[in-house]
Amino acid sequence: MRRKCYLPKSYEELKGLSPKELRFYWNAFYTCPLRGVKAKLRPLWYAIQCELGRCKLQEKYITRLDRYASNPDKYIEHAHKKRYALAVGTILTKTYKGRTYQVTVKGENAYEWEGKIYPNLTALAEKIVRSHVSGPKFFGLTRK
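Predicted model, so just to flag it, every value in this text is computed and none were measured.

Peer 1: Help me out: how do you make sense of the packing of helix α2 (residues 19-29) against helix α3 (residues 41-52) in this one?
Peer 2: Any two packed helices are characterised by the angle at which their axes cross and by the distance between the axes. Remark: α2 packs on α3, axes separated minimally by 10 Å, with the N-to-C direction vectors making an angle of 60 degrees. Relative to α3, the element α2 is oriented oblique. Read as a crossing pair, α2 and α3 show a hand that is left-handed. Seen from α2, the contacting residues are L22, Y25, W26 and F29; seen from α3, they are L41, P43, L44, A47, I48 and E51. Taken together, the residues of the contact of α2 with α3 break down into 9 nonpolar, no polar and 1 charged.

Peer 1: What is the right way to look at the pairing of strand β1 (residues 91-96) in this model?
Peer 2: Two faces make up the sheet, and in a regular strand the side chains alternate between them. As defined by bridge partners, β1 adjoins strand β2 (residues 99-107) across 6 bridges and the pair is classed as antiparallel. By the bridge assignment, I91 is partnered in β2 with T104. Counted between consecutive antiparallel strands, the loop separating β1 from β2 contains 2 residues, among which K97 sits at a positive phi close to 50 degrees.

Peer 1: What is the right way to look at the packing of aromatic side chains in this model?
Peer 2: All told, the structure shown has 6 aromatic pairs when counted by the stated rule. With a centroid separation of 5.5 Å and 70 degrees between ring planes, the pair formed by Y96 and F138 is classed as edge-to-face. Taken together, the positions of Y96 in strand β1 and F138 in helix α7 (residues 135-138) put the pair 42 residues apart, joining distant regions of the chain. Ring pairing ties together the aromatic residues Y96, F138 and F139, which thus form one cluster. Directly above the aromatic system of F138 lies the positively charged group of K94, at a separation of 5.0 Å from the ring centroid.

Peer 1: I keep staring at a positive patch on the surface and nothing clicks. Help me out?
Peer 2: On the surface, a cluster of positive charge is contributed by K60, R64, R67 and K74. If you tally residues by element for the positive patch, the top one is helix α4 (residues 59-70), at 3 residues. Relative to the helices and strands, R64 is located in helix α4.

Peer 1: What should I look at first to understand helix α6 (residues 121-129) in this one?
Peer 2: Note that an α-helix has 3.6 residues per turn; residues three or four places apart therefore point the same way. Taken together, the buried positions of α6 are occupied by L121, L124, A125, I128 and V129. Buried positions in α6, seen along its axis, are confined to an arc of 125 degrees and lie on one side of it. Lining the buried residues of α6 we find β1, β2, β3 (110-113), β4 (116-118) and α7. Just beyond α6, the residue with positive phi is R130, at close to 65 degrees.

Peer 1: What is the right way to read the sheet that holds β1 from this model?
Peer 2: To summarise the sheet geometry, strands pair through backbone hydrogen bonds and adopt either a parallel or an antiparallel arrangement. The 4 strands are arranged β1-β2-β3-β4 in an open sheet whose pairing can be described as antiparallel. Only two strands of the sheet have a single partner each, and these edge strands are β1 and β4. Recorded for the sheet is a direction-independent mean angle of 30 degrees between the axes of neighbouring strands. Relative to the sheet, α6 contacts β1, β2, β3 and β4, its axis offset from that of β3 by approximately 25 degrees.

Rules used in this analysis
- Residues numbered from 1 in each chain as written.
- Predicted model: local features only at pLDDT ≥ 70, side-chain atom pairs only at ≥ 80, totals over all residues.
- Heavy atoms only, no water.
- Axes fitted to C-alpha atoms, helices over the stretch in contact; angles between N-to-C directions.
- Helix = DSSP H or I, 4+ residues; strand = E, 2+ residues; numbered from the N terminus.
- Parallel < 35°, antiparallel > 145°, perpendicular 65-115°, else oblique.
- Left-handed = near helix turned anticlockwise from the far one by under 90°.
- Contact = heavy atoms within 4.5 Å.
- Nonpolar A, V, L, I, M, F, W, Y, C, P; charged D, E, K, R; others polar.
- Pairing = 2+ DSSP bridges.
- Phe/Tyr/Trp six-rings, centres within 6.5 Å; stacked < 30°, edge-to-face > 60°.
- Lys NZ or Arg CZ within 6 Å of the ring centre and 35° of its normal.
- Patch = residues over 30% accessible without salt bridge, like charges linked within 9 Å, V, L, I, M, F, W, Y side chains within 5 Å.
- Areas by Shrake-Rupley, 256 points an atom, 1.4 Å probe, with all protein chains shown as cover.
- Salt bridge = Lys/Arg side-chain N within 4 Å of Asp/Glu carboxyl O.
- Lys, Arg positive; Asp, Glu negative; His and termini not counted.
- Charge placed at Lys NZ, Arg CZ, Asp CG, Glu CD.
- Buried < 20%, exposed > 50% of the residue type's maximum accessible area, 1.4 Å probe, protein only.
- Arc of directions from axis to C-beta.

As structure tokens, this is what we get:
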């Protein structure tokens, strides 16, 4: 059983700890040695959050967090990148089973068809097709 100790309540508090204190917390959660304190802050913070919430962080996530910590800008860019960008007012036209459908882009998460607003293209395409289908693929927005 793990010994009880005070755990930082915020990421800012964790960042303010001395290297000796960080090494103490790291050794409480991980068996591998601590190298590069700044790169390990995020995995350590997730481990502390899991401990406070009484859940367990799997080892595969630690590996992934280490990779993200090595170059966070690269992974943030990929996480929020859309493959297509549609300007407000763009009209998407699709002919499906002999009928032409026109959808107007009202915003980033708003697409209008027949007077109703849909949160994404997939929801709208599924309404048209009446089965599961990728909205961007249905409207021809994906690259082949």
